[in-house]
Every structure is written in structure tokens, then in C-alpha cells.
Amino acid sequence: TAMSAGARNLLLNPSFEYSAQPQNWGHTWGTFIIESWNTPPDGIFAAYIRGNWCKSGTAGGTMQSVANIVGGATYRLRAYFYMDNGWTAQKKAMKLEFYNDAGTKLSGATNTLAELQNHAWIRMSVQAVAPPETARAQVIIEASGISGPGVLGVDLVELEAVDPDRPEPAASISPKP
């Protein structure tokens, strides 16, 4: 698993190599599935939000909650995304949200996955500062208003505390074919 020097991924099962159980990706819905096809950037498996061809509805996604987030620290969420065969959705996003001990959402940041390209794994990211009273973060990958064939793939999801003075490009193409 490739990560920045010294960075520690705070997410469990970032490459979906283990099934979506409560100890890793705790909540999944709709057309979301984990499959072993399409040569993902890391490991054998990746997660996919399928088009409406799968007859599982027109929305799908997954989320993971992360405890012990430090208020005032900068966090970067990044992942590789892939789409094929004309997959479309009215809304698609990778979100990083911050919550206090009472469960109230304090703030968040969203990448709308505008850089998606057909048949290419693209690394996308979003970065935000956790408000001072933050207790936990929530990572969400979702799509709604899905129509047509194809899939949206996601792999190697990383949440890291980072140096805010060293930004990363919003998107880059995977070096692995």
C-alpha cells in the first residue's frame, strides 16, 4: 500500500480486501458491492457502486467512522476512482465529515468526483481542518440518481493527518494499468 512518508492511514480495510463488516466499512447501501475484477490499484478487491442494470436501486455507497480525531489538525482523504461503460449519477461524492462527542456534524469537505475518466483509475482527494471540538470523522463514498450501465469503482481509500503546507493535487492517474 503506497502512502506518504510517515503518514498513517486511519481507515480499516482501505482496499476492501476483507468483506464489508462492522469492524471496517460499517455501513453499506444500495448498489454497493465488493468484487475481485478490473485490476484495482491495490490488492485483488475493490468496491463498486453499480449502475441500475443490477436492479438494486438508483443509489449506493459506504461509510466508515474514525474515532480519536484531533481538533485543529488537517486531514486528507484520498482514494482511487474508476468508471466504465457509461456509468452516470446525478450526484456522486467522496466526503470527509467531522463530528463532536454528541454526534453533531461540525463541518465537512466534499470532492464531487468531477475528474472521473472512463476506464482509468484516478486518484482524487479532499482536505479539511478538524474543528477544535472534533471527536470523530466520517468518511462517505456515495452516489444517487444512478442511471445506465457500468460501475463506479473505488480502491485504496486513505485518511491521514497531514502537513497543511504540503498540498496534493486534487486528481492524478494511477500508475498501475
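Now for a look at the structure at hand. Note that residues are indexed from 1 along each chain, following the sequence as it is written. Local features in this predicted model are restricted to residues whose pLDDT is 70 or higher, and side-chain atom pairs enter the listing and the counts only when it is 80 or higher, whereas totals over whole chains, interfaces and linings include all residues. The side-chain values count all of the structure's non-hydrogen atoms but skip hydrogen atoms and water molecules.

**Side note on unusual backbone geometry**
- At Asn38, a residue that is not glycine, the phi angle is positive and equals roughly 80 degrees.
- For the purposes of this entry, the term helix denotes a DSSP run of H or I that reaches at least four residues, the term strand denotes a run of E that reaches at least two, and both are numbered from the N terminus. Structurally, the position occupied by Asn38 is in the loop between β2 (32-35) and β3 (46-50).
- Relative accessibility thresholds used throughout: buried, under 20% of the residue-type maximum; exposed, over 50%; partly exposed, between the two (1.4 Å probe, protein chains only). According to the relative accessible area criterion, Asn38 is partly exposed, its value standing at 22%.
- Despite not being glycine, His119 shows a phi value in the positive range, around 65 degrees.
- Note that His119 resides in the loop between β7 (105-111) and β8 (122-129).

**Side note on the packing of aromatic side chains**
- Pairing of aromatic side chains here covers Phe, Tyr and the six-membered ring of Trp, requires ring centres within 6.5 Å, and sorts the geometry by plane angle: under 30 degrees stacked, over 60 edge-to-face, intermediate tilted. Summed over the entire model, instances satisfying the criterion amount to 5 aromatic pairs.
- Residues Trp37 and Tyr48 carry aromatic rings whose centres are separated by 4.6 Å and whose planes lie at 10 degrees to one another, so their mutual orientation is stacked. You can see Trp37 sitting in the loop between β2 and β3 and its partner Tyr48 sitting in strand β3, a full 11 residues away along the chain.
- Among the residues examined, Trp37 registers a relative accessible area of 34% and is labelled partly exposed.

**Describing the environment of Ala67**
- Counting through the fold element by element, Ala67 comes out in strand β4 (residues 59-67).
- A relative accessible area of 52% places Ala67 in the exposed class.
- Separated by 68 residues in sequence, Ala67 and Ala135 have C-alpha atoms that sit 6.4 Å apart.
- Setting aside chain neighbours within four positions, we find Ala67 in contact with Ala135 and Arg136. Pairs of residues are marked as contacts when any of their non-hydrogen atoms sit within 4.5 Å.

**Quick notes on the sheet that holds strand β6 (residues 88-99)**
- A strand pair is defined by DSSP finding two or more bridges across the two strands. Read from one edge of the open sheet, 5 strands run β1-β4-β9-β6-β7, paired in antiparallel fashion. A single partner strand is all that each edge strand has here, and the edge strands are β1 (27-30) and β7. In this sheet, adjacent strand axes meet at a mean angle of 15 degrees when their direction is disregarded.
- Alignment of β6 against strand β9 (residues 136-147), held across 11 bridges, turns out to be antiparallel. Counted as the bridge partner of Leu96 is Val139 from β9. Helix axes are fitted only over the stretch in contact, all axes being lines through C-alpha atoms; the angle between N-to-C directions runs from 0 to 180 degrees.

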